[in-house]
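For reference, the chains in residue letters:
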Amino acid sequence: NEEYKNKNYEKAVILAKKAKEISDSTDIYPNITEALKLPMYLQKSKRFEESWRLYNELLEERVADESDFLGISKIYEKIRIYLQSEKKLREAMINGIYSYMWDAAELKRTGNMAQYNKYTLKVEIIKLAESFLKKMKQESAKEKVVEIVSKYIVTLPKIDRESFEREIKESVREDGIEEE
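This write-up is about the structure you can find in this document. Bear in mind the structure is a predicted one, so any value in this text is a computation, not a measurement.

1. Details of the overall build of the protein
Piece 1. Each helix and strand counted, the protein has 10 helices and zero strands in total.
Piece 2. For the protein, the α and β elements follow one another from N to C terminus as α-α-α-α-α-α-α-α-α-α.
Piece 3. Relative to the compact-globule value of 16 Å for 180 residues, the protein shows a C-alpha radius of gyration of 17 Å, a close match.
Piece 4. Over its C-alpha atoms, taken along the principal directions, the protein stretches across nearly 50 × 40 × 25 Å.
Piece 5. Across the 180 residues that make up the protein, the buried fraction comes to 41%.
Piece 6. Restricting the contact set of the protein to residue pairs at least 6 apart, pairs at least 24 apart contribute 62%.
Piece 7. Carbon and sulfur atoms make up 51% of the accessible area of the protein, which totals about 10,300 Å².

As structure tokens, then:
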């Protein structure tokens, strides 16, 4: 909206909250772009806890519904950006991988098997892992991360998030510095 473009983030929050209230009261299911505005505006207003809570509520709602895989991917991508800006690189990586995997799940769901098969190719997953691990200075974890992603990408939408995250966290340290 105009307030956001003019960097009037508090006013943008007020307008986005009103839109959310209307949506909630009428049972209108907003498209993901509209739904992501309020947490994004809150983030820009430095209201991180509120933003974080809304991102997670949106995620839970969309995952439970299982009809908007691209929306789920977009939520994970926004969370990745937020975490990366907070220098929480391992958590950002996990959310970036989720975004990638939900994109793949959407391709499978819609029958676009040629694109889905490309997403699940080891070479593509290596590129994904490298993009995160390089920033974290943990390139040596690439093989393990690729193995984990390859194992879980085919399980969507019924992914065991707890196991996936535990395996990634066991393979990639939080501090982002490789041991010598």
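Don't stop here, the text continues.
2. With respect to the environment of Y119
Piece 1. In this fold, Y119 is placed in helix α7 (residues 113-119).
Piece 2. With near-sequence residues (within four places) excluded, Y119 lies in contact with Y100, D103, A104, L107, E124, I125 and I153.

3. Description of the packing of helix α3 (residues 32-44) against helix α4 (residues 48-65)
Piece 1. At a closest axis distance of 7 Å, the pairing of α3 and α4 adopts a crossing angle of 160°. Considering the angle they form, α3 stands roughly antiparallel to α4. Considering the relative orientation of α3 and α4, their crossing is left-handed. Listed contacts from α4 to I32, A35, L36, L38, P39, M40, L42 and Q43 of α3 are F48, E50, S51, L54, Y55, L58 and R62.

4. Quick word on helix α9 (residues 142-153)
Piece 1. Given a rise of 1.5 Å per residue, 12 residues ought to cover 16 Å, and the 16 Å separating the end C-alpha atoms of α9 matches this to within 8%.
Piece 2. When α9 is considered as a whole, its buried residues turn out to be V145, V146, I148, V149, Y152 and I153. For α9, the angular spread of the buried residues around the axis is 165°, confining them to a single face.
Piece 3. Where α9 is buried, its residues touch α6 (89-109), α7, α8 (122-136) and α10 (161-171).

5. Side note on the nonpolar core
Piece 1. Core analysis: the biggest nonpolar cluster contains 51 residues, and I97, M101, V145 and F164 have the highest contact counts within it.
Piece 2. Ranked by residues supplied to this core, first place goes to α6 with 11 residues.
Piece 3. Not counting residues up to four positions away in its chain, the partners in contact with M101 are V149, Y152, I153, L156, I159 and F164.

About the thresholds
- Residues numbered from 1 in each chain as written.
- Predicted model: local features only at pLDDT ≥ 70, side-chain atom pairs only at ≥ 80, totals over all residues.
- Heavy atoms only, no water.
- Helix = DSSP H or I, 4+ residues; strand = E, 2+ residues; numbered from the N terminus.
- Rg over C-alpha atoms; globule rule 2.2 N^0.38 Å.
- Buried < 20%, exposed > 50% of the residue type's maximum accessible area, 1.4 Å probe, protein only.
- Contact = heavy atoms within 4.5 Å.
- Areas by Shrake-Rupley, 256 points an atom, 1.4 Å probe, with all protein chains shown as cover.
- Axes fitted to C-alpha atoms, helices over the stretch in contact; angles between N-to-C directions.
- Parallel < 35°, antiparallel > 145°, perpendicular 65-115°, else oblique.
- Left-handed = near helix turned anticlockwise from the far one by under 90°.
- Expected span 1.5 Å × (residues − 1).
- Arc of directions from axis to C-beta.
- Core = buried A, V, L, I, M, F, W, Y, C linked by side-chain atoms within 4.5 Å.

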